[in-house]
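Here's the letter readout for the chains.
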Amino acid sequence: SYMDIDKIGIMGHSWGGHFALRALLEFPDFYKVGHISAAAIDLIDFRVAVEAFMGCLPQDCPEKYEQSNISNKLSNLNAPLMIVHGTADDDVPIDEAYKLVAKLKELNYTSYEFIEYQGVNHIVMRHPEWKPTMIDFFEKEFNKL
């Protein structure tokens, strides 16, 4: 009774950012707003080993990796999204965020904000503006609903 089920958002960092974006795409009637930070988008580009989770190498089962990609599903995005990444991230390079933004622009999707924190590494939550900016984003977007 204390929750407004029509105003559910999701956030995630790193792997969590990948899955938060996936949730926005796969459950658009449930998740209305998203915030991702330092998220890797497509498994084929991950810098950590995912073969144990996929059950095969990319060259042995390219269809599984293609199916797991998010960039080819972005046309289903209809929730406001905040994308945050540090320019000094050596775990998930900021190029992942640049590719995501480029794909959104290619799709003429405009309901997103992109923030890059100069000199910040993978743990962007340490930046003093990260938390208040995230809260403001959710409040602003939920107030529009």
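For the structure itself, look to the data block above.
Residues numbered from 1 in each chain as written. Predicted model: local features only at pLDDT ≥ 70, side-chain atom pairs only at ≥ 80, totals over all residues. Heavy atoms only, no water.

## Description of helix α5 (residues 130–144)
End to end, α5 covers 22 Å across 15 residues, agreeing with the expected 21 Å (1.5 Å per residue, within 8%). Of all the positions in α5, only Trp-130, Met-134, Phe-137, Phe-138, Glu-141 and Phe-142 are classed as buried. Along α5, the residues classed as buried sweep out an arc of 120 degrees about the axis, all on the same side. Elements in contact with the buried residues of α5: β1 (8–13), β2 (31–37), β3 (81–86) and β4 (112–117). (Helix = DSSP H or I, 4+ residues; strand = E, 2+ residues; numbered from the N terminus. Expected span 1.5 Å × (residues − 1). Buried < 20%, exposed > 50% of the residue type's maximum accessible area, 1.4 Å probe, protein only. Arc of directions from axis to C-beta. Contact = heavy atoms within 4.5 Å.)

## Focus on the pairing of β2
For β2, the tally of buried residues reaches 6 of 7 residues, placing the bulk of the element in the interior. For β1 and β2, the ladder comprises 6 bridges, and the chain directions are parallel. Looking at β2, one finds that Ile-10 is bridged to Gly-34. Between β1 and its parallel partner β2, the chain crosses via helix α1 (residues 15–26), and the hand of that crossover is right-handed. Where β2 lies against β3, 4 bridges are found, and the strand directions are parallel. Residue pairing across strands places Ser-37 opposite Val-84, the latter belonging to β3. (Pairing = 2+ DSSP bridges. Right-handed = clockwise from strand over helix to strand, strands pointing away.)

## A word on the environment of His-18
Counting through the fold element by element, His-18 comes out in helix α1. Sequence spacing of His-18 and Ile-70 is 52 residues, and the spatial spacing of their C-alpha atoms is 8.1 Å. At a separation of 3.1 Å, a polar atom in the side chain of His-18 contacts the main-chain carbonyl oxygen of Ile-41. (Polar contact = N/O pair within 3.5 Å; in protein donor to acceptor, adjacent residues only side chain to side chain.)

## Focus: the pairing of β4
As paired strands, β3 and β4 are joined by 6 bridges and run parallel to one another. Along β4, the bridge assignment pairs Gly-86 with Tyr-117. Taking the sense of rotation as the criterion, the β-α-β connection linking β3, helix α4 (residues 95–106) and β4 turns out right-handed.

## Section: empty space enclosed by the protein
Per the stated rule, a full pass over the model turns up 1 cavity of 30 Å³ or more. Taken as a whole, the largest cavity spans an internal volume of roughly 30 Å³. Put simply, the parts of the chain that give the lining of the largest cavity at least two residues each are β2, β3 and α4. In the lining of the largest cavity, the residues fall into 8 nonpolar, 2 polar and no charged. (1 Å grid on protein atoms, 1.4 Å probe; cavity = no way out; pocket = protein on both sides within 12 Å on 5 of 7 lines; lining within 4 Å. Points joined across faces, edges and corners; volume = space filled by probe spheres on them. Nonpolar A, V, L, I, M, F, W, Y, C, P; charged D, E, K, R; others polar.)

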